[in-house]
Amino acid sequence: MGEAVADTSAFTQAAEHRPKLTAPEAEGVPLIDLSALPEAAGAGDNLHPSSALDDLAAAVGDACKSWGFFQVVNHGVPPGTRRRMEEASRRFFAQSKEEKGKVRRDEVNPYGYYDTEHTKNVRDWKEVFDFTVQNPTFIPVSPEPDDDALKELKNQWPDFPPEFREACEEYAGEVQKLAYKLLGLISLSLGLPENRLNGFFNKDQTSFVRLNHYPPCPIPHLALGVGPHKDAGALTVLAQDDVGGLEVRRKTDGEWVFVKPTPDAFIINVGDIIQVWSNDKYESVDHRVKVNPERERFSIPFFLNPAHYTLVEPLSELLSSDNPTKYKAYNWGKFYTTRKTSNFKKLGVENIQIYHFRV
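Residues numbered from 1 in each chain as written. Predicted model: local features only at pLDDT ≥ 70, side-chain atom pairs only at ≥ 80, totals over all residues. Heavy atoms only, no water.

Colleague: Got a minute to help me understand the nonpolar core in this structure?
Modeller: Soluble globular proteins tend to bury their nonpolar side chains together. Among the nonpolar cores identified, the biggest contains 76 residues, and Phe129, Ile186, Leu211 and Phe266 are the most heavily contacted of them. Looking at this core, the element that brings in the most residues is helix H5 (residues 164-189), giving 13 residues. With residues up to four places along the chain from it excluded, the contact list for Phe266 reads Phe70, Gln71, Val72, His75, Val77, Arg82, Tyr171, Val175, Leu178, Val237, Leu238 and Ala239. Residues Val29, Trp67, Val248 and Val289 belong to the second largest nonpolar core, which totals 13 residues. (Core = buried A, V, L, I, M, F, W, Y, C linked by side-chain atoms within 4.5 Å. Buried < 20%, exposed > 50% of the residue type's maximum accessible area, 1.4 Å probe, protein only. Helix = DSSP H or I, 4+ residues; strand = E, 2+ residues; numbered from the N terminus. Contact = heavy atoms within 4.5 Å.)

Right under this line is the structure:
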């Protein structure tokens, strides 16, 4: 259990008001003000108890339960860090395909550059650069349960722009701090100690960051930036520009709801792992990205994922005779490797999903 490092006087002052909760539009994804949180939080740090913190946890829990998505402002990520990352991303994608292709991903290393022209199942109108947060990262070589071999994956960094690697690593570090704060709030909202979930990410995490570029699309009625999907990991922290395009499937009626861009906000969604940990109290929901016929769009999701050896299963503290387990345990590394392998070759089976592990 880590030592709190926040300025307690500032926190006490911020705690005098309740978190501001608004909806950007009628029936829209909730917007939550995190100004009551301490500035510094790591994987082992505790949040200071207060009524404001209780309210924040309740608001986050309501958003996770009702939507699976919410936006956050006053989140503590320095604006300059985000601006440098966004500018480096724009400069990278502005290069020729030949230059970007020098760091192209492949079946051996899933990190680096790729576009829809080089994927097995072309459905998305975009190009991407992925880098792992922990470098190197270890994942299983094979999805086969009896194969214990691991492979070491290292980031591929382009020569241009020269500040690209530094901007990426700085951004990942700051957004990771925010992800830990959100994990604490989610844990509290489930009635658990705030650091209950953090231990899954203290060592050997497989988290990664994706830089997305969606060029203008001349046939927007026939293409999507990203088709409907759910995120397989624990938590996603997304920065999007002012163009917008993200849509979330509303749980109440199944309608697609546009997530209006909010200046300096991050969009948060729970992934499949939190759905399993919460034993379906919180649900990972479908979302997609619509393309724009006139303007290019940029976004940067941070995917918080645990170590490859993590067994994902409902948390024992949440189970009872009235709430029995709904999932069998599964190995995250094998799950992750199966999903990555399916990007390059057909496995002869349906893409693995958490419902395959339902009891």
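Colleague: Would you explain the side chain of Asn269 in this entry?
Modeller: Within the secondary structure layout, Asn269 lies in strand E13 (residues 266-270). There is a polar contact of 3.1 Å between the side chain of Asn269 and the side chain of Asp231. When sequence neighbours within four positions are dropped, the list of residues in contact with Asn269 reads Gly68, Phe69, Asp231, Ala234, Leu235, Thr236 and His287. (Polar contact = N/O pair within 3.5 Å; in protein donor to acceptor, adjacent residues only side chain to side chain.)

Colleague: Looking at this model, I keep getting lost on the packing of helix H3 (residues 79-93) against H5. Mind explaining?
Modeller: Packed helices, taken two at a time, are described by their axes: the angle between them and the distance between them. At a minimum axis separation of 9 Å, H3 and H5 run at an interaxial angle of 140°. Relative to H5, the element H3 is oriented oblique. Once H3 is placed against H5, the crossing between them reads as left-handed. On H5, the residues touching Thr81, Arg82, Arg84, Met85, Ala88, Ser89 and Phe92 of H3 are Phe164, Ala167, Cys168, Glu170, Tyr171 and Glu174. By residue class, the composition of the contact of H3 with H5 is seven nonpolar, two polar and four charged. (Axes fitted to C-alpha atoms, helices over the stretch in contact; angles between N-to-C directions. Parallel < 35°, antiparallel > 145°, perpendicular 65-115°, else oblique. Left-handed = near helix turned anticlockwise from the far one by under 90°. Nonpolar A, V, L, I, M, F, W, Y, C, P; charged D, E, K, R; others polar.)

Colleague: Looking at this structure, how should I read the pairing of strand E10 (residues 235-240)?
Modeller: Among the six residues in E10, six count as buried, and that is most of the element. Here E10 shows two buried faces, one formed by Leu235, Val237 and Ala239 and the other by Thr236, Leu238 and Gln240. Examined bridge by bridge, E10 and strand E15 (residues 297-304) share six bridges and lie antiparallel to one another. Of the residues in E15, the one forming a bridge with Leu235 is Leu304. (Pairing = 2+ DSSP bridges.)

Colleague: When you look at the pairing of E13 in this model, what are you seeing that I'm missing?
Modeller: With five of five residues buried, E13 is to be regarded as a mostly interior element. The two faces of E13 match: Phe266, Ile268 and Val270 on one face and Ile267 and Asn269 on the other face are all buried. In terms of strand pairing, strand E3 (residues 69-73) meets E13 through four bridges, oriented antiparallel. Paired with Val72 across the strands is Phe266, a residue of E13.

Colleague: So what exactly am I meant to see when it comes to the confidence of the model for the protein chain here?
Modeller: In low-pLDDT regions, the fine details of the predicted coordinates are not to be read closely. Of all residues in the protein chain, 85% attain a pLDDT of 70 or more, and the chain-wide mean is 87. Every residue in residues 1-26 is under pLDDT 50, and counting partners more than four places away or in other chains gives 48 contacts. (pLDDT = per-residue confidence, 0-100.)

Colleague: Sorry, what's going on with the sheet that holds strand E11 (residues 246-249) here?
Modeller: To summarise the sheet geometry, strands pair through backbone hydrogen bonds and adopt either a parallel or an antiparallel arrangement. Within the open sheet, the four strands sit side by side as E9-E14-E11-E12. Their pairing is antiparallel. Either end of the sheet is taken by a strand with one partner, and the two such strands are strand E9 (226-229) and strand E12 (256-258). The mean angle between the axes of side-by-side strands here comes to 20°, regardless of whether they run parallel or antiparallel. Looking at chain direction, E9 and strand E14 (residues 287-289) are connected through two bridges and run antiparallel. Looking at E14, one finds that His229 is bridged to His287.

Colleague: Quick question: what am I supposed to make of the packing of aromatic side chains here?
Modeller: Pairs of aromatic rings are described using the distance from one ring centre to the other and the angle between the two planes. This model, assessed by the stated rule, comprises 18 aromatic pairs. Where Phe92 meets Tyr113, the ring centres are 6.1 Å apart and the plane angle is 70°; that geometry is what we call edge-to-face. Here Phe92, found in helix H3, pairs with Tyr113, found in strand E4 (residues 112-115); they are 21 residues apart in sequence, far enough to count as distant. Here the aromatic residues Phe92, Phe93, Tyr113, Phe129, Phe131, Trp157, Phe164 and Phe298 are joined through ring pairs into a cluster of three or more. (Phe/Tyr/Trp six-rings, centres within 6.5 Å; stacked < 30°, edge-to-face > 60°.)

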